[in-house]
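Overview (structure and organization)
Below are the chains, spelled out letter by letter.
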Amino acid sequence: MMNRVLAAILGIPLLFSSASNMALAQQQVLPSKRPYTVISYKLSMDWRPMFRNKNELFSGMNEITVSTTQSEIVFDAMEMRIDSITVSGRSVTPVPQPVDDTLTVQLGTPNPSPFPIKIFYTRTSDTNDAMFFYPKGLYVGKGPIGDSVFVEEDLAYTMSEPSDAHKWMPCNDDPYQKANSSISITVPAGRSAQSNGTLQSTDTNGDGSLTFNWVSDRPIATYLMCASASTWAEWRDYYHRVSNPLDSVPVVYFAWPADYAATDTTGIAHNARYAFRNTPGMLEAFSRLFGEYPFLQYGQVPVQPFGYGGMEHQTMTTIDRSILHGRDEDVIAHELFHQWFGDKTTCETWADIWLNEGFATLGEALWEESRRGRIGYDSIISGKAHEFFHPYNNSIVNNIAIYNPPVAGMFAENYLTVYNKPGLMLHMLRRILNNDTLFFNTLRDYSNAFAYTTANTFQFMDYVTTRVGALAPMELSTFFNQWLFWPDWPQYNIGWKQSGNNLLFHISQTQNPSHIYTEPLRFYAISGLDTMLVTFVNDKQSQLFTAQVNKTINKIVFDTEATTLSQVIVGRDPSLDVQAGADQAGYLRVQVELGSLTLMYAPVIGDHAELEILDVLGRIIERHTVATGSTTLSFSTQALASGVYFIRMSDGAGEHTASFQVEK
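Residues numbered from 1 in each chain as written. Predicted model: local features only at pLDDT ≥ 70, side-chain atom pairs only at ≥ 80, totals over all residues. Heavy atoms only, no water.

If you tally the helices and strands in the protein, you get 12 helices and 38 strands. Taking 664 residues into account, the globule formula puts the C-alpha radius of gyration at 26 Å, and the protein, at 28 Å, falls close to it. Projected onto its principal axes, the C-alpha coordinates of the protein cover approximately 90 × 55 × 50 Å. Going through the 664 residues of the protein one by one, you find that 59% of them count as buried. Residue pairs at least 24 apart in sequence account for 68% of intrachain contacts in the protein once pairs closer than 6 positions are excluded. Accessible surface, the protein as shown: approximately 24900 Å² in total, 50% of it carbon and sulfur. Seen as two clouds, the 45 positive and the 67 negative side-chain charges of the protein have centres 2 Å apart. (Helix = DSSP H or I, 4+ residues; strand = E, 2+ residues; numbered from the N terminus. Rg over C-alpha atoms; globule rule 2.2 N^0.38 Å. Buried < 20%, exposed > 50% of the residue type's maximum accessible area, 1.4 Å probe, protein only. Contact = heavy atoms within 4.5 Å. Areas by Shrake-Rupley, 256 points an atom, 1.4 Å probe, with all protein chains shown as cover. Lys, Arg positive; Asp, Glu negative; His and termini not counted. Charge placed at Lys NZ, Arg CZ, Asp CG, Glu CD.)

Take a look at the structure:
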């Protein structure tokens, strides 16, 4: 908390900490766990009939190793005929068939030790449902210049999220149950097949067909398992791990030969090499923030038609071929980011889907920040906020809670509360903490704490609150409760006036009165060329705040940068602007990064500008010269102990102030 004497010196009011003690009796959605554990899937599929008959019918065998003390076991299975089953080598008769999308296998005498169940099956549905087949020459639609687009080669692939894996293999089709996995796919000569993990071997069969044997190096949820096959061009790149540049991670790409050979980079052609060119850079950027890439290999397979922009199949992302135009690199970043948040750490139930998609939405902004700086990050965040508040059609819903959205609409009409809203919530957490070292280390350590397993919303809240709650300007339990479990957002009516040396703010929330949000609100009080940062924590429907100043204030700017999910409905006189503070001339913004401090400010116009760092007692502990015309300044924080500090910058024409926090 800011010292009162220093607040008067700098012209900044105290940060209020009157967070409401909001208690929510939110009901947690628990996974419907079955009384057994899947240890591994060993799946073999013969896709030769699909390519021969141009449909979705094939045969397969899934050897599922389980551990249970029950006398029967229930798997998920539909759109298939069960040809035979063995339990520890013993045939099961009569052969059970799926009933109500489940398959019950009688085990006989219970055996607590792990044992294999081999299920031989034939897919019976010749529709594109979880298993897709598209023949060469199929018309897809119009391209970016009005040209006709066709399927370039016969194509087969799977797509399971949220719970469709049991339409192409018997399994326990629920995200809580991760298991080891190996997948073998047999395809006609001239084709190749891809799956999760790394390719262990390729077998040549008597008829010239090929069997591709893939093994996952880490446990995997069924919705993240995948297989695809076509006539591909294959090439690779490498990501050199930041922790050990001699350790190279293969980055494997697949594309139709025409897309591999394309040279146009204007966005007209499908150019796979151009579209994928920055993938190693993304791996490096995300590894620096969240720890090393968590698997042995990464791959990307573009398919068309595809009902999504991309799908983060573990280590082998499936992506819409249209991305190869090179205009949607953020989609590539989004799916890659999932390898940390979604694949390494997987949502326990579909109620927790925001832990996957909200994180990956933030990942889009972080990639833009890594290559274009703050302006790139802010452009993604502001775009996500605008899309959230202004859905592109009336069927899109944004007024449901982040937690436990309807599963049927997660990737359709409810996507704004699955993707945008939690991504913006994480952005707000970053800005509220105002310490990137703290923010990124906390998310990295959360991922490590739940590595290669699952996590739920309540575990995430507990972890972050315990880790950084004491360093936040408001109760983080309140922060998470309101944003995760309420379906709306704060709408502010803000007025202000000056009386002598007092700035008086009247802030009221006009949304649902039973949902009064607690937020740190940032204002820039502007007097000519001088700018002062004023921060309050608003936690009541109607609230008055006072700040002491020693100048006549001409204008107040409400800074939306840290309150992205809020709206100002009415601005009362005198002048009130609503915008991101970084867009306001005269601002001074502080960004704490790994071991350094970066300041951003309006161009310096004075000849003798200087910057002072003060401790909480108002003592000047560092002084830096600021060059005329400069807009940024970075320096090390190694000499600063943990604690709260203040910055005062004078550029010869005005004085600007801000605060920051160092944690070591």
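Structure shown, so let's carry the discussion forward.
Let us now look at the confidence of the model for the protein. When pLDDT is averaged along the protein, the result is 89; 91% of the residues meet or exceed 70. Contacts of residues 1-24 to residues separated by more than four positions or lying in other chains number 59 contacts, the stretch itself having pLDDT below 50. (pLDDT = per-residue confidence, 0-100.)

Here we take up the sheet that holds strand β21 (residues 316-320). Taken in spatial order, the 5 strands line up as β17-β18-β19-β21-β20 in an open sheet, and their pairing is mixed. Looking along the sheet, the strands with just one partner apiece sit at the ends: β17 (233-240) and β20 (310-311). Pairing of β17 with strand β18 (residues 248-255), which is carried by 8 bridges, proceeds in the antiparallel orientation. Among the inter-strand pairings, Ala 233 is bridged to a residue of β18, identified as Ala 255. Each of β17, β18 and β19 (298-303) touches helix α5 (residues 279-290); the most contacted strand, β17, lies at about 30° to it. (Pairing = 2+ DSSP bridges. Axes fitted to C-alpha atoms, helices over the stretch in contact; angles between N-to-C directions.)

With that out of the way, let us pick up helix α6 (residues 329-337). For an α-helix, 3.6 residues make a turn, and residues three or four places apart therefore share a direction. Counted residue by residue, α6 has 8 buried out of 9 residues, so it is predominantly covered. Turning to α6, its buried residues are Glu 329, Asp 330, Ile 332, Ala 333, His 334, Glu 335, Leu 336 and Phe 337.

The next subject is the sheet that holds strand β11 (residues 155-158). Pairing within the open sheet is antiparallel, and its 4 strands lie in the order β8-β11-β16-β13. Each having just a single partner strand, β8 (131-134) and β13 (192-195) make up the two edges of the open sheet. The average undirected angle you get between the axes of adjacent strands in this sheet is 15°. Bridge analysis of β13 against strand β16 (residues 227-230) gives 4 bridges, and the strand direction is antiparallel. Note that in β16 the partner of Ser 192 across the bridge is Ser 230.

Turning our attention to the packing of aromatic side chains. The final tally for this structure, using the stated rule, is 54 aromatic pairs. Ring geometry for Phe 411 versus Tyr 419: centroids 6.4 Å apart, planes at 70°, classification edge-to-face. Residue Phe 411 is classed as partly exposed on the basis of its relative accessible area of 22%. Here Tyr 419 falls in the buried class, since its relative accessible area comes to 19%. A cation over a ring is seen here: Arg 277 above Tyr 274, with NZ or CZ 3.8 Å from the ring centre. Across from the ring centre of Tyr 377, 4.7 Å away, lies the NZ or CZ of Arg 430, which sits over that ring. (Phe/Tyr/Trp six-rings, centres within 6.5 Å; stacked < 30°, edge-to-face > 60°. Lys NZ or Arg CZ within 6 Å of the ring centre and 35° of its normal.)

What follows deals with the pairing of strand β33 (residues 596-601). With 6 of its 6 residues buried, β33 lies for the most part within the structure. Judged by which residues are buried, β33 turns out to be covered on both faces: Ser 596, Thr 598 and Met 600 on one side and Leu 597, Leu 599 and Tyr 601 on the other are all buried. In this structure, β33 lies alongside strand β36 (residues 632-636), joined through 5 bridges in antiparallel fashion. Note on β36: the bridge partner recorded for Leu 597 is Phe 635.

Right, let's get into the packing of helix α7 (residues 354-372) against helix α10 (residues 436-449). Following both chains from N to C, one finds α7 and α10 inclined at 140°, their axes separated by 14 Å at the closest point. Taken together, α7 and α10 sit at an angle that is classed as oblique. Relative to α10, α7 is oriented so that their crossing is left-handed. Each of Leu 355, Phe 359, Leu 362 and Leu 366 in α7 lies in contact with α10, whose residues at this interface are Phe 439, Phe 440, Leu 443 and Tyr 446. Here the residues of the contact of α7 with α10 are counted per class, giving 8 nonpolar, no polar and no charged. (Parallel < 35°, antiparallel > 145°, perpendicular 65-115°, else oblique. Left-handed = near helix turned anticlockwise from the far one by under 90°. Nonpolar A, V, L, I, M, F, W, Y, C, P; charged D, E, K, R; others polar.)

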